[in-house]
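One-letter residues, chain by chain:
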Amino acid sequence: MDILLEGIIIIVGNYGSGKTEISINLAANRKLAGIDVSVADLDLVNPYFRTREARKQLSELGIGVILPPDKYLQADLPILTPAVAGLIRKPSMLTILDVGGDKVGATVLAALADALDGKTYRMLQVINPFRPFTDTLKGCMKMKGEIEKASKMPISGIIGNANLIDETTADLIYEGYDFVLTVSLESGLPLEFITVPSRLSDEIDMKRFSCPVLKLHRQLVPPWEKAASL
Amino acid sequence: MGKILMKGNEAIGEAGIRAGCLNYFAYPITPQSEVAEYLSHRMPEVGGVFLQGESEVAVGYMIFGAAACGARVFTTSSSPGVSLMCEAISYIAGAQCPAVFVNIMRGGPGLGGILPSQADYFQATKGGGHGDYRMLVMAPASVQEAVEMVMTAFPLAEKYRNPVMILGDGLIGQMMEPVEFPEHLKSEPSNKDEWATNGMETRKSKKRNLVKSLFLDPVKLNENNLILKEKYERMKREEVRYEPYNTDSDYRILIVSYGTMSRVCKTAIDNLKAEGIDVGMIRPQTLFPFPEDAVFQAASKKSCRMALSIEMSMGQMVEDVERCVHGRCPVKWYGKCGGEVPTPEEIMDVVKSCLS
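Asker: Explain the packing of aromatic side chains to me, please; I cannot follow it from the model alone.
Answerer: Each aromatic ring pair is characterised by the separation of its centres together with the angle its planes make. In the structure shown here, the tally under the stated rule is eight aromatic pairs over all chains. Centre to centre, the rings of Tyr-177 of chain A and Phe-209 of chain A are 4.8 Å apart; their planes meet at 65 degrees, and the pair counts as edge-to-face. Within this pair, whereas Tyr-177 of chain A is found in helix 7 (residues 170-187), its partner Phe-209 of chain A is found in the loop between strand 7 (191-197) and strand 8 (213-216), the two being separated by 32 residues in sequence. For the pair Tyr-177 of chain A and Phe-209 of chain A, one class covers both residues: buried. Arranged with centres 5.9 Å apart and planes meeting at 50 degrees, the rings of Tyr-121 of chain B and Tyr-258 of chain B form a pair that is tilted. Note that Tyr-121 of chain B is positioned in helix 5 (residues 121-126) and Tyr-258 of chain B in the loop between strand 10 (253-256) and helix 9 (259-274), a separation of 137 residues in sequence. Since its relative accessible area comes to 0%, Tyr-121 of chain B is described here as buried. In this structure an aromatic cluster arises from ring pairing among Tyr-24, Phe-50, Phe-74 and Phe-154 of chain B.

Asker: Honestly, the domain arrangement of chain B in this entry has me stumped. Any pointers?
Answerer: Size of an interface, as often reported, equals the accessible area lost when the parts are brought together. All names here are of chain B. Per the domain assignment, the segments of chain B are domain 1 (4-238) and domain 2 (243-355). Contacts between domain 1 and domain 2 engage 31 residues on the former and 26 residues on the latter. Of the roughly 2,300 Å² buried between domain 1 and domain 2, counting both surfaces, carbon and sulfur atoms make up 58%. Put simply, domain 1 and domain 2 have three salt bridges between them. Here Arg-263 ties to Glu-177 by a salt bridge, and the two come within 2.7 Å at their closest N and O atoms. Seen at the junction of domain 1 and domain 2, the total is 15 residue pairs in polar contact (both at pLDDT 80 or more). For the side of domain 1 that touches domain 2, the secondary structure elements donating two or more residues are helix 5, strand 6 (136-138), helix 6 (143-160), strand 7 (163-169), helix 7 (170-174) and helix 8 (218-238).

Asker: Would you mind going over the sheet that holds strand 4 (residues 94-99) of chain A with me for this structure?
Answerer: Backbone hydrogen bonds hold the strands of a sheet together, and the pairing may be parallel or antiparallel. All names here are of chain A. One open sheet holds the eight strands; their spatial order is 3-2-4-1-5-6-7-8, and the pairing between them is parallel. Taken across any chain shown, the strands that pair with only one partner, and hence form the sheet edges, are strand 3 (64-66) and strand 8. Strand after strand, the sheet turns through a mean of 25 degrees between neighbouring axes, direction not considered. In this structure, strand 2 (residues 37-42) lies alongside strand 3, joined through three bridges in parallel fashion.

Asker: Explain the packing of helix 1 (residues 8-18) of chain B against helix 2 (residues 33-45) of chain B here, please?
Answerer: Residues and elements named next belong to chain B. Running from N to C, helix 1 and helix 2 cross one another at 45 degrees; their axes reach a closest spacing of 8 Å. In terms of orientation, helix 1 and helix 2 fall into the oblique class. For the pair helix 1 and helix 2, the crossing hand works out as right-handed. The segment helix 1 lies against helix 2, with Asn-9, Glu-10, Ile-12, Gly-13, Glu-14 and Ile-17 engaging Ser-33, Glu-34, Val-35, Tyr-38, Leu-39, Arg-42 and Met-43. By residue class, the composition of the contact of helix 1 with helix 2 is six nonpolar, three polar and four charged.

Asker: When you look at the pattern of salt bridges in this model, what are you seeing that I'm missing?
Answerer: Where charged atoms of side chains with opposite charge meet at close range, the side chains can pair. Residues and elements named next belong to chain B. Under the defined criterion, the tally for this structure stands at 34 salt bridges over all chains. Put simply, Glu-239 and Arg-241 hold a salt bridge, and the shortest N to O gap is 4.0 Å. Residue Glu-239 is classed as buried on the basis of its relative accessible area, which comes to 5%. We classify Arg-241 as partly exposed; its relative accessible area is 29%. Put simply, Lys-336 and Glu-340 hold a salt bridge, and the shortest N to O gap is 3.9 Å. Owing to a relative accessible area of 21%, Lys-336 belongs among the partly exposed residues under this scheme. We classify Glu-340 as exposed; its relative accessible area is 56%. One connected set of salt bridges, linked through shared partners, spans Lys-159, Arg-234, Glu-238, Glu-239 and Arg-241.

About the criteria used
Residues numbered from 1 in each chain as written. Chains lettered and ligands numbered in written order. Predicted model: local features only at pLDDT ≥ 70, side-chain atom pairs only at ≥ 80, totals over all residues. Heavy atoms only, no water. Phe/Tyr/Trp six-rings, centres within 6.5 Å; stacked < 30°, edge-to-face > 60°. Helix = DSSP H or I, 4+ residues; strand = E, 2+ residues; numbered from the N terminus. Buried < 20%, exposed > 50% of the residue type's maximum accessible area, 1.4 Å probe, protein only. Domains from an automatic or database assignment. Contact = heavy atoms within 4.5 Å. Buried area = accessible area lost by both parts, 1.4 Å probe. Salt bridge = Lys/Arg side-chain N within 4 Å of Asp/Glu carboxyl O. Polar contact = N/O pair within 3.5 Å; in protein donor to acceptor, adjacent residues only side chain to side chain. Pairing = 2+ DSSP bridges. Axes fitted to C-alpha atoms, helices over the stretch in contact; angles between N-to-C directions. Parallel < 35°, antiparallel > 145°, perpendicular 65-115°, else oblique. Left-handed = near helix turned anticlockwise from the far one by under 90°. Nonpolar A, V, L, I, M, F, W, Y, C, P; charged D, E, K, R; others polar.

In structure tokens form, the structure reads like this:
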């Protein structure tokens with residue numbers, strides 16, 4: 001089952017839910033499927049481990065990457081480059097907006113309301129049930145409500161990203177899938193896709209899932225590890 | 001409870017709660033702010049208090065006040081913020097109160113930058129504030145170790161009635177790793193009735209407890225300093241912690257490195273081993289007390305030709321390494337400070353250049 005997302009896709013979720021890792025991998029996945037893709041780094045709240053960390057790999061694949069100007073890349077300032085609004089007005093076949101965590105991170109979207117006005121977009125909430133505050137249905141719904149309130153935009157789908165990074169196992173993926181499926185059924189939001197670390201993809205029974213699966217090639221690694229090739 | 005995925009800063013906050021500390025005062029600063037943000041959600045859930053001070057100076061004295069009353073209390077900050085707290089740390093040490101300080105270091109001096117650094121080694125281990133005081137300083141290399149050190153810090157602070165510092169670089173605060181909170185590290189109630197100003201009625205005692213760092217009589221001040229000195233000597237005897245790595249091999253180079261820098265070194269050591277080059281490492285888990293004997297013994301090994309202090313600072317720990325090696329072999333420094341973390345490949349090149 002392939003991921004068929006197109007148009008403007010806004011990736012939101014709580015801190016550390018995996019938005020950036022998913023944005024980078026989704027961009028690469030769709031680009032390799034022949035779609036024209038751009039990614040904008042809208043994370044104004046996280047100081048480390050942002051889309052900008054993978055800009056070289058993404059550019060090499062021919063993916064457009066919108067970042068703050070170079071001299072501000074490591075600044076502790078909420079800089080929103082006007083290029084983002086430009087990208088929304090003239091989007092690629094798939095345009096991914098990688099937004100910062102929680103309601104605080106999602107607040108930036110309100111600043112893009114004019115650019116988004118009249119555009120068709122989908123806002124997807126990334127859920128990792130092994131993170132604090134989204135380990136229960138109630139927690140996920142609270143996060144959804146807070147992000148929607150801050151961004152003044154509705155969430156229209158879910159991405160399941162169950163993982164414990166290097167300690168992720170097949171059983172944990174199954175447990176996480178069952179959890180996000182429940183969230184999907186209870187909330188009425190479609191489960192767009194789930195993620196599976198590429199190193200586990202051979203041992204996981206993909207038939208168990210009723211949604212597409214995005215294989216994650218980990219990009220956001222600490223300095224003593226190497227990023228996987230996309 | 002199984003493992004969950006946490007950012008270092010969140011895990012440090014949760015570890016404070018799990019250690020039974022329900023008083024947290026802080027002021028936000030990158031790359032540490034998530035501790036405050038996390039505890040602003042969590043403290044109300046567990047009946048605890050999070051108060052944001054008007055500055056780090058204020059926070060330092062809020063910590064002193066709470067500690068003097070016998071409350072288990074902690075704060076977190078990053079380098080410039082800790083500089084502002086150093087005066088209070090000196091007062092807390094002088095008045096012999098327990099408190100836990102976490103420094104998630106960023107590059108300095110001055111405002112510096114927001115990326116990882118280990119440039120507050122001197123500040124943490126040699127002073128920072130004024131007077132003859134020391135802090136017990138622990139340096140985690142993983143999020144799990146940060147949890148365990150925070151949970152251990154509270155009983156240690158109470159055992160010595162002295163500030164304890166967790167010294168983590170920015171990566172410790174910002175990276176995500178799976179963690180669990182060990183039940184056995186929950187601490188016992190403190191011995192506060194013996195010294196805290198927690199109310200004579202509360203402790204059913206007729207003895208007044210007085211908490212102070214002012215001793216105008218020079219004899220009394222000297223006596224207080226001797227008491228402190230004895231505590232620091234006891235820390236040196238009882239609290240040294242370190243992790244040896246590949247020290248059973250016949251290494252020619254010995255690395256001394258701590259925190260996340262040591263994880264880069266481990267990758268380099270593993271890669272070098274695959275190329276047939278053995279390198280040993282001592283990773284200090286306590287920076288004060290420094291693992292003096294472990295470094296001396298490791299540098300004294302017959303095969304060892306050189307000790308290398310590898311740090312994200314411009315040669316601060318290397319002074320302790322030189323002191324401990326006692327001239328058994330030459331000591332060199334390698335490091336960067338500004339936010340760039342040296343890569344495993346850089347460390348491998350440094351080791352090879354030392355061997356050539």
